[in-house]
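Fold and contact review
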Amino acid sequence: MHYPVRVVYYVEGYSFGGVERHLLHLLDDLDRKRFEPMVIGVMADELELELGTRRVPVVRLDRIRGNLDVPGFVRAFRALREARPVIFHAMLSHSHAAQYAIMAAIALRTPAVVTTAHLPTQTESQMRRQLGRFILRGVDMQVLPSEWTKAELVRLDLLHGSYEIVANGIALPTLLSRDEAREQLGIATTATVIGGSMRLVDWKRPELIVDAARELPGTVAVILGEGPEEDRLRASAKEVDLRLPGFRLDAVSLLPAFDVFIHPCPIDNQPLAIFEAMAAGVPVIVADQGGAALMVDDGRTGLRAPATAAGMSGAVSHLVDDPALAERLAAAGRAEILSRFTTEAMTRQLEDLYERLLADSRT
């Protein structure tokens, strides 16, 4: 085997979110002496710019236009044929993303074909379900961020025979001070601030943050991110001091502005935003369902609460009324990230996986 080995990462997303941040964390720590990364796919402008600063070659493809986009398959096939990856690793934003690219990698007899199931999802299309199961047979390894991912894939009949659980990891964020972060957001240093960081889409349930703030008069609600729910959130935020700063690449640096971080989505997998808040030393509240619930040891590294306005506001009140508890959870949460969920730990596990797959491909 000649090093470095060409690894093509494939993405298929139209916005800059958790999958894209996960990929950047991985690329920042990847051993470039052993692995030569390249990124191909459908991507947001922000991701292409970030890859450029990291000197990672990029091939940007046009958007996929439906289930029978033959030109879309041809574009993916040609890009991969030219790239000649030894390892193909697709980052799946949902279960049926990147199907054309995976088929192309299999057709080109790529030595190792890997997928990461970032968010297991069902599709209404019988054809896509059948195609997804067929494609799965040609995949060599399925990477899962958590045990919840595995359970969901079993439920959806999409679990590969060969899988490995590799928890997401983050780099320790560069943070502003509490006063600096609040100054950037235009918030008084004496205010009580709750909020989250997410794509503003309905299934993330951002309205529960607004609802929780409504139950706690005088509280400022901040949601970092952008998306189609923004106008609806603004319209519903009567009597709530709601701040929507929009998309910011430096969003993590603003987390010290929060007194409490909330992730109310009950169907998420293992969102990086929760790890980032814990690493920033902010006490976190997560929905008591879905993969996010497994990220927090209730009462030790954070709190779990029902994904309702009453559930979230009750948990926030508990932390606001008990600063000692909030401080204790924040400290334990940060320690948990430092010991278990770093970019380095995640990347070393993936590198070891790549080496094993290449060894198997030579036998």
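What you see is a predicted model; the values in this text were computed from it and never measured.

**Observations regarding the sheet that holds strand β5 (residues 112-117)**
Read across the sheet, 7 strands follow the order β3-β2-β1-β4-β5-β6-β7 without closing on themselves; strand pairing throughout is parallel. The open sheet terminates on both sides in strands that have one partner only, identified here as β3 (58-60) and β7 (163-165). For this sheet, the mean angle separating the axes of adjacent strands, direction not counted, is 20°. Here strand β6 (residues 141-144) runs beside β7; their pairing, made up of 3 bridges, is parallel. Residue pairing for β7: Val 143 is matched across the bridge by Glu 164. Packing of helix α3 (residues 70-83) onto the sheet brings it into contact with β1 (5-12), β2 (35-42), β3 and β4 (87-92), and relative to β2 it is tilted by some 165°.

**Let's talk about unusual backbone geometry**
Tyr 3 connects to Pro 4 through a cis peptide bond whose omega is 0°. Mapped onto the secondary structure, Pro 4 falls in the segment before β1. A positive phi angle is found at Ala 98, which is not glycine, with a value near 60°. Along the chain, Ala 98 falls in the loop between β4 and α4 (99-107). By relative accessible area, which is 1% here, Ala 98 ends up buried.

**Some details on the sheet that holds strand β12 (residues 284-287)**
What the 6 strands build is an open sheet, ordered β10-β9-β8-β11-β12-β13; its pairing is parallel. Edge positions in the open sheet fall to β10 (241-246) and β13 (303-305), since each of these has one partner strand only. Adjacent strand axes in the sheet meet at a mean angle of 25° when their direction is disregarded. Here strand β8 (residues 193-197) pairs with strand β11 (residues 260-263) via 2 bridges, running parallel. The residue bridging Ile 194 from the neighbouring strand is Val 260, located in β11.

**Brief notes about helix α12 (residues 309-321)**
Given a rise of 1.5 Å per residue, 13 residues ought to cover 18 Å, and the 18 Å separating the end C-alpha atoms of α12 matches this to within 8%. Gly 311, Met 312, Ser 313, Ala 315, Val 316 and Leu 319 are the residues of α12 that are buried. Looking at the buried positions of α12, the neighbouring elements they touch are β8, α8 (207-214), β11, β12, β13 and α13 (323-340).

Analysis parameters
Counting restarts for each chain, with residues numbered from 1 along the sequence as it is written. Residues qualify for local features only when their pLDDT is at least 70, as the model is predicted, and side-chain atom pairs are given and counted only at 80 or more; totals for whole chains, interfaces and linings, by contrast, use all residues. Hydrogen atoms and water are omitted, and side-chain values are computed over all heavy atoms in the structure. Any two strands with at least two DSSP bridges between them are considered paired. A run of H or I in DSSP counts as a helix once it spans at least four residues, and a run of E counts as a strand once it spans at least two, with each numbered from the N terminus. Axis definition: a line fit to C-alpha positions, over the contact stretch in the case of helices; interaxial angles, taken between N-to-C directions, run 0 to 180 degrees. Contact between two residues is taken to exist if any of their heavy atoms lie within 4.5 Å; hydrogens are not considered. Here the term buried applies to any residue with accessible area under 20% of the maximum for its type, exposed to any over 50%, and partly exposed to those in between, with areas from a 1.4 Å probe on protein chains only. Residue count minus one, scaled by 1.5 Å, sets the expected span of a helix.

The analysis is restricted to geometry; functional conclusions fall outside its scope.
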